[in-house]
Amino acid sequence: MGKILEINGPLVKLELPETVIGEQVRVGRIGLVGEVIGRDGNTALAQLYEDTAGLRPGEVAEGLGWPLSVELGPGLLNAIFDGVQRPLNAVWEQSGDRMARGVSVPSLPRDKRWHFVPDEHRRAGASLAGGDILGTVQETESILHRILTPPLLHGELLELAPEGDYTIEEVIGRVKLADGRIEKLRLFHRWPVRTPRPFKRRDHAVQPLLTGQRILDTFYPLLKGGKAAIPGPFGAGKTMLQQQIARWCNAEIVIYVGCGERGNELTDVLEFMPELKDPHTGRPLMERTLLVANTSNMPVVAREASVYVGITLAEYFRDQGLDVVMVADSTSRWAEALREVAGRLGQMPVEEGYPAYLGSRLAAFYERAGRVETLAGGHGSVTLIGAVSPPGGDFSEPVTSHTKEIIQTFWALSKELADARHYPSVDWLESFSGYVGSAAKWWAENIDPNWENERAAALDLLAASEELQRIVNLVGVEALSSEQRWTLEAAGLIKEGLLQQSATDEIDSFASPEKQFALLSAMLEIFRQGMKLVKLGAPARKLIQMPLLAQARRWKSQHSSDQIDQLKVKIAAIPGEFEKLMLEYEQTSA
Amino acid sequence: MKNIEFRTATSAQGGLIVMGGVPGVAAGSRVQLRDHAGRLRAGLVIRSADDAVLVEVFEGTDELDLERTWVRFLDEPFKLPVSRDILGRVFNGAGLPRDGRPPIISADRRDVNGEPLNPAARAYPREFIQTGISAIDGMNSLTRGQKLPIFSGGGLPHNRVAAQIVRQAKLLGEESSEFVVVFAAFGASHADARFFQESFEESGVLNKVVMFLNLADEPVIERLLTPRAALTAAEYLAFDLDYHVLVVMTDMTAYAEALREVAVLRGDVPARKGYPGYLYSDLAEIYERAGRIKNRRGSITMIPVLSMPSDDITHPIPDLTGYITEGQIVLGRELANQGVYPPVTVLPSLSRLMKDGVGKNFTREDHPHVASQLFASYAKALEVRGLAAIIGAEELSDADRRYLEFANAFERRFIGQGEDEDRSVYETLNLAWDLLSMLPPEALIRVSEAELAKYHKGATA
Ligand SMILES: Nc1ncnc2c1ncn2[C@@H]1O[C@H](COP(=O)(O)OP(=O)(O)O)[C@@H](O)[C@H]1O
Ligand SMILES: [Mg+2]
């Protein structure tokens, strides 16, 4: 037993001999939990996950003997946890509307029985390694939970329980370790959150993570196992975009980490997720989702922990051979929590108050994303998507600039677009993706061989129009040639008819790859047909008045992803529209 | 410990005093100081060890004589006594009466710091509040339980706008406002405080208002308590007594500056512009106290007023606020100079909760589309206006000239309205269609074809 020596905000100095850095501590009469972050002889410095008001020097403190760990097993899905994996619904039942301090509720329900089906290949006497699959539990209708052995285990399986209903604490198997000790197996195990879970080897990411958002999938794709960042000033749409991804993406598990953001946004997710159907399985989305919430008004230290809790949960599902997406909103709040603690430790700030290790921490965190061959021999992935909240919307600030160097896909949100309510406000010039080549293979094989060219053509058009717009802003549109005017017009069509995609539009909120490509080729077809006429001498002025241009802008909201045929009929009619115009033009000019 | 006076101060500097040899003092505990002249000062324990306790003194440490300073540790955080009787009363930042009437006596005394709401306990706000102001109702609507600040600047009419909202706010179909008001002013001038007091008086709601005032010439550190005391009162009214509470707070910039002042004294590492790194978390502790709770009838709707230093929206105070609150109503100097009241600059304004509180079943089915269209058309119109400034309006195409006219009419007729003009949301939407009808239907892509057919005045499409 130790005792408190000093309280300074969330930091407490303890008399606690023999503790190690990272050890969990319980402090004070009300039993606040925290972790040791420094040691000096017999004294230790700990940061607490809860408000320290009321603590007194002299009160008790004890080391718990393990680092911050999460419980991994059935009961995770469909749940909402706080930054240190306390189940918020159970905490609510126990202590009311406000987060009372010192409550301890186990992360996974202890009384619930799960139907366990042992893996048929497991035999008593056979050897068993870490990460092996012992059996399965159908956790939700869409998710078959594989029960894994703890990653570092190695030994001989002595016995495995038969099919039946078990709570997570009941023993379902016993293993004899190399040193002769017997280890009991249960439906769950613990893992320290700051240590990446082991796997066999890294794999190449090959499959695109489809989000149903055209500006993402078609223009700046992300792969399963990839890393992406969404920087943007406040109100630009970071949270909405992450929620859209959480809703529609083709991952099997979604971990939504609300790190230092609004409570109401989590309520929003909790309310809409159960009502929405997974477009890929038809099951309620909540069945594949799990939330980690440390809102902006909750203690800062737990905020720092929350992203590690989230990523460890993600890795656990990856190790079951699943494709997992984790969205973190916002990584900036996590970095700020880091800064706050560093400041209290008196560590030397280097830029804007951040400690020198900001970049390496960020890199190590994103490094936990990836597609891997699991210990069990399957393949799983963690895709990591972090929102970044740059102060003043300035992308040169430390968190944004470090993140930009680490990630492969950069979805830069623009204030100008958001101000005009062009959503998603992903800037088509600032954004980038290092995965276009791999994604192109998938699109070519599954959707259209011409995808890469069409994508490039649209981007060229957008880049050209940017130049032209600069000229217009200086001297007016009259200075442009007909070809240039048509280019400008077509770019507008692409922006409004293709890139713009409202999350609140029931029909267009999600677009299948087929719909994405159909719209892309439709807009380009209009551009090309028009350009042909312009080259024949038709004035752009005339073309711009075509009703087709207004109509085409509405197509995205008129045809859902399962009405592509109707869309294709309209696309097929495009050349006819231009022929009509050509005839008229030839008649009047003849 | 409460009753013992310690005279063990070892040093004092810039609002902080160190007490030696007082073991076992609770962190965050309130402190009472008596100086050589017998004057009382209040303080707070910010660091506690057996051999040294660091106390922040609200009234400052000027003229403290260490040998003749007596300190009592009250062993509890700052608490506010609450009861029904707080309605109609005026308190200072620490919750003591400043209206000459007796203090509130109640066994129910609450820690002003509150406790964070469990996110699982929140209910998502969805009820549309009609403010009668078109720029707000039409394009950046307010929802019961929302935190929606007014970003303003020196000399702009934020007080008048806030007062108009308080006067006019009601739910659709409701005769008059059902709200009680908690008003908190920190660092405000006497004139500002008087303006609100008179405005409440005129609209006859004084007995439904609780005021917490910490004026510009009053102790800076008390400013840090003022919003917390006010929100403690608001939480009591909303979640114990079932009231719908409208909290108006002014000026968040004065609050943040006070926080910076104290942070510098404490020696905290500055992040941006000298503000401490925890400004975000600190502001969030305040703003996140707005909202709704499942199974509770009342609500806290928050309208903080914030003046942007040098009209700069990227300054840390508006910036961090915008990251926390559910949108912002931005007032602009340009419109104000042209005599437009309320000078709401709509493009950078935002209501994050609007998407879930307007439209079919809430206001009118075309509302979300109309709002989006107004934003798009006005953004385009401003581009045209910029172009006209360069090449001259005469050089504009016919289509562009229509946008120019639209921009002017939109600013004068839609944004601009009387300080006593209380427009229903239907009037607002009809007015929007009058203006959108200045543009050809083909240019209005964000509204549906059915809506165009129904509402567009020149609609042939
Ligand atoms: N994809 C979208 N579709 C429709 N509306 C959006 C979209 N993205 C953002 N918005 C609007 O913008 C507001 C702010 O978006 P949000 O994601 O909360 O911004 P941020 O997280 O960047 O501060 C939302 O409340 C919504 O009204
Ligand atoms: Mg956000």
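Residues numbered from 1 in each chain as written. Chains lettered and ligands numbered in written order. Predicted model: local features only at pLDDT ≥ 70, side-chain atom pairs only at ≥ 80, totals over all residues. Heavy atoms only, no water.

Enquirer: So what's going on with the overall build of chain A? Which residues, and what values?
Expert: From N to C terminus, chain A includes 17 helices and 28 strands. A compact globule built from 590 residues should have a C-alpha radius of gyration of about 25 Å, and chain A, at 28 Å, falls within 12% of that. With respect to the principal axes defined by its C-alpha atoms, chain A has extents near 100 × 55 × 40 Å. Classification of the 590 residues of chain A by burial places 60% in the buried group. Counting contacts in chain A only where the partners sit at least 6 residues apart, residues at least 24 apart contribute 70% of the total. Of the accessible surface of chain A, which amounts to about 22,000 Å², a share of 50% is contributed by carbon and sulfur atoms. Side-chain charges in chain A split into 63 positive and 78 negative, and the spacing between the mean points of these groups amounts to 1 Å. (Helix = DSSP H or I, 4+ residues; strand = E, 2+ residues; numbered from the N terminus. Rg over C-alpha atoms; globule rule 2.2 N^0.38 Å. Buried < 20%, exposed > 50% of the residue type's maximum accessible area, 1.4 Å probe, protein only. Contact = heavy atoms within 4.5 Å. Areas by Shrake-Rupley, 256 points an atom, 1.4 Å probe, with all protein chains shown as cover. Lys, Arg positive; Asp, Glu negative; His and termini not counted. Charge placed at Lys NZ, Arg CZ, Asp CG, Glu CD.)

Enquirer: Run through the sheet that holds strand 11 (residues 128–130) of chain B, naming residues and quoting values.
Expert: Residue and element names in this part refer to chain B. Reading across from one edge, 12-11-14 is the order of the three strands in this open sheet, with antiparallel pairing throughout. Strand pairing shows two members of the sheet lacking a second neighbour, strand 12 (142–143) and strand 14 (170–171), which therefore form its edges. Where strand 11 and strand 12 come together, two bridges link them in antiparallel fashion. The partner of I129 across the bridge, within strand 12, is L142. (Pairing = 2+ DSSP bridges.)

Enquirer: Let's hear about the pattern of salt bridges: which residues, and what values?
Expert: Residues and elements named next belong to chain B. Tallied over the entire structure, the rule returns 74 salt bridges over all chains. Between R39 and E63 there is a salt bridge, and its shortest N-O distance comes to 3.8 Å. Note that R39 is positioned in the loop between strand 3 (30–34) and strand 4 (40–49) and E63 in the loop between strand 5 (52–57) and strand 6 (70–73), a separation of 24 residues in sequence. The exposure class assigned to R39 is partly exposed, which follows from its relative accessible area of 43%. Note on E63: relative accessible area 61%, which makes it exposed. The partner of E365 in a salt bridge is K454, and the shortest N-O contact between them spans 3.6 Å. Taken together, the positions of E365 in the loop between strand 23 (350–351) and helix 9 (367–391) and K454 in helix 12 (residues 449–455) put the pair 89 residues apart, joining distant regions of the chain. For E365, a relative accessible area of 31% translates into the label partly exposed. (Salt bridge = Lys/Arg side-chain N within 4 Å of Asp/Glu carboxyl O.)

Enquirer: Describe in detail the nonpolar core, supporting the description with residues and values.
Expert: Most often, soluble globular proteins keep nonpolar side chains buried together rather than apart. Core analysis: the biggest nonpolar cluster contains 91 residues, and I385(A), W411(A) and W486(A) have the highest contact counts within it. Sort the elements by how many residues they give to this core and helix 13 (residues 513–535) of chain A lands first, with twelve residues. Split by domain, the residues of this core number at least three in each of domain 3 (205–435) and domain 4 (451–589) of chain A. Here W486(A) is in contact with I526(A), F527(A), G530(A), M531(A), V534(A), A540(A), L543(A), L549(A) and F578(A), once residues within four sequence places are set aside. Core analysis: the second largest hydrophobic core is formed by 81 residues, L148(B), I165(B), V346(B) and I415(B) among them. (Core = buried A, V, L, I, M, F, W, Y, C linked by side-chain atoms within 4.5 Å. Domains from an automatic or database assignment.)

Enquirer: Tell me about the site of ligand 1, and please be specific about residues and values.
Expert: Taken together, 14 residues surround ligand 1, and among them G235(A), K238(A), T239(A), M240(A) and R352(B) come closest. Neighbouring residues of ligand 1 are not confined to one chain but are distributed across chains A and B. Within the contact set of ligand 1, an oxygen atom lies 2.7 Å away from a backbone nitrogen or oxygen of G235(A). One nitrogen or oxygen atom from the side chain of T239(A) is found 2.8 Å from an oxygen atom belonging to ligand 1. Within the complex, the protein chains bury 94% of what would otherwise be the 560 Å² of accessible surface of ligand 1. For the shell around ligand 1, the class distribution of residues is seven nonpolar, four polar and three charged. (Near = heavy atom within 4 Å. Polar contact = N/O pair within 3.5 Å; in protein donor to acceptor, adjacent residues only side chain to side chain. Nonpolar A, V, L, I, M, F, W, Y, C, P; charged D, E, K, R; others polar.)

Enquirer: Account for the interface of chain A and chain B, with residues named and values stated.
Expert: Contacts between the two partners involve 71 residues from chain A, matched on the other side by 74 residues from chain B. Taken together, the connections running from chain A to chain B amount to seven salt bridges. Between R296(B) and D97(A) there is a salt bridge whose closest N-O contact spans 2.8 Å. Across the chain A-chain B interface, the total number found is 32 residue pairs in polar contact (both at pLDDT 80 or more). Partitioning the side of chain A that touches chain B into residue classes produces 25 nonpolar, 25 polar and 21 charged.

Enquirer: Now, about a nonpolar patch on the surface: what can you tell me, with residues and values included?
Expert: Residue and element names in this part refer to chain A. Taken together, the side chains of I471, L474 and V475 make up a nonpolar region of the molecular surface, amounting to roughly 270 Å² of accessible area. Examined against the element boundaries, I471 turns out to sit in helix 11 (residues 451–475). On the basis of relative accessibility, which here comes to 33%, the residue I471 falls in the partly exposed class. (Patch = residues over 30% accessible without salt bridge, like charges linked within 9 Å, V, L, I, M, F, W, Y side chains within 5 Å.)

Enquirer: So what about the environment of L64(A)? Which residues, and what values?
Expert: Residue and element names in this part refer to chain A. Looking at the element boundaries, L64 is found in strand 6 (residues 60–67). On a C-alpha basis, the gap between L64 and Q24 in space is 5.4 Å, while along the polypeptide they are 40 residues apart. Among residues more than four places away in sequence, those in contact with L64 are E23, Q24, V25 and R26.

Enquirer: Give a description of the side chain of T321(B) that names residues and reports values.
Expert: Checked against the element boundaries, T321(B) lands in helix 7 (residues 316–324). Those residues in contact with T321(B) that lie beyond four places of it in its chain are P149(B), F151(B), L283(B), Y287(B), L306(B) and P316(B).

Enquirer: For unusual backbone geometry, give the residues involved together with the corresponding values.
Expert: What you tend to see is this: most non-glycine residues have negative phi, and most peptide bonds are trans. With an omega of 10°, the peptide bond between T250(B) and D251(B) qualifies as cis. Here D251(B) shows up in the loop between strand 17 (244–250) and helix 5 (252–266). Looking along the chain, the bond that leaves Y341(B) and enters P342(B) is cis, with omega of -10°. Locating P342(B) in the fold gives a position in the loop between helix 8 (333–337) and strand 23. For E352(A), which is not glycine, the phi torsion reads 45° and is therefore positive. Within the fold, E352(A) resides in the loop between strand 23 (349–351) and strand 24 (354–355). We note that N361(B) has phi near 75°; this positive angle belongs to a residue other than glycine.

Enquirer: Provide a residue-level description of the packing of helix 12 (residues 482–499) of chain A against helix 13 of chain A, including the pertinent values.
Expert: Residue and element names in this part refer to chain A. Contact geometry for helix 12 and helix 13: axes closest at 10 Å, N-to-C directions at 165°. In terms of orientation, helix 12 lies roughly antiparallel with respect to helix 13. Helix-helix and strand crossings are classified by hand; for helix 12 and helix 13 the assignment is right-handed. Listed contacts from helix 13 to S482, E483, W486, T487, A490, L493, I494, G497 and L498 of helix 12 are Q516, L519, L520, M523, L524, I526, F527, G530, M531, V534 and K535. Within the contact of helix 12 with helix 13, the residues separate by chemical class into 13 nonpolar, five polar and two charged. (Axes fitted to C-alpha atoms, helices over the stretch in contact; angles between N-to-C directions. Parallel < 35°, antiparallel > 145°, perpendicular 65-115°, else oblique. Left-handed = near helix turned anticlockwise from the far one by under 90°.)

Enquirer: I'd like a description of the domain arrangement of chain B, backed by residues and values.
Expert: Bring the parts together and some accessible area is lost; that lost area is often taken as the interface size. All names here are of chain B. Split by domain assignment, chain B resolves into domain 1 (5–77), domain 2 (80–356) and domain 3 (367–455). Here domain 1 and domain 2 have C-alpha centroids that lie 31 Å from each other. Counting residues at the interface gives eleven residues for domain 1, matched by nine residues for domain 2. Contact between domain 1 and domain 2 buries roughly 840 Å² in total, counting both sides, with carbon and sulfur atoms accounting for 62%. (Buried area = accessible area lost by both parts, 1.4 Å probe.)

Enquirer: Go over helix 4 (residues 263–272) of chain A, please, and point to the residues and values.
Expert: With nine of ten residues buried, helix 4 of chain A lies mostly within the body of the structure. Residues of helix 4 of chain A that are buried: G263(A), N264(A), E265(A), L266(A), T267(A), D268(A), V269(A), L270(A) and F272(A). Its buried side turned inward, helix 4 of chain A meets strand 8 (80–82), helix 3 (238–248), strand 20 (253–259), strand 21 (289–294) and strand 22 (323–329) of chain A together with strand 10 (122–123) of chain B.

Enquirer: Account for the domain arrangement of chain A, naming residues and giving values.
Expert: Residue and element names in this part refer to chain A. The assigned domain composition of chain A is domain 1 (2–68), domain 2 (114–190), domain 3 (205–435) and domain 4 (451–589). With centres defined by C-alpha atoms, the gap from domain 1 to domain 3 works out at 31 Å. Across the boundary between the two partners, domain 1 contributes twelve residues, which contact eight residues of domain 3. Across the domain 1 to domain 3 interface the summed buried area is about 810 Å²; carbon plus sulfur atoms make up 74%. Where domain 1 packs against domain 3, one counts zero salt bridges. At the surface where domain 1 touches domain 3, the tally comes to zero residue pairs in polar contact (both at pLDDT 80 or more). Tallying contributions element by element places strand 5 (residues 43–48) first for the side of domain 1 that touches domain 3, with three residues. Among the residues making up the side of domain 1 that touches domain 3, the classes are represented as seven nonpolar, three polar and two charged.

Enquirer: Describe helix 4 (residues 222–239) of chain B, listing the residues and the values that go with them.
Expert: Over its 18 residues, helix 4 of chain B runs 26 Å from end to end, which matches the ideal 26 Å to within 8%, given 1.5 Å per residue. Most of helix 4 of chain B is tucked away, with 18 of its 18 residues classed as buried. (Expected span 1.5 Å × (residues − 1).)

Enquirer: Requested: an account of the packing of helix 13 of chain A against helix 15 (residues 547–558) of chain A, with residues and values cited.
Expert: Each packed pair of helices is defined by two parameters, the angle between the axes and the distance between the axes. Residue and element names in this part refer to chain A. Helix 15 packs onto helix 13 with a crossing angle of 170° between their chain directions and a minimal axis gap of 10 Å. The orientation of helix 13 relative to helix 15 falls into the category roughly antiparallel. Across from K515, L519, A522, M523 and I526 in helix 13, the residues of helix 15 making contact are L548, L549, A552, W555 and K556.

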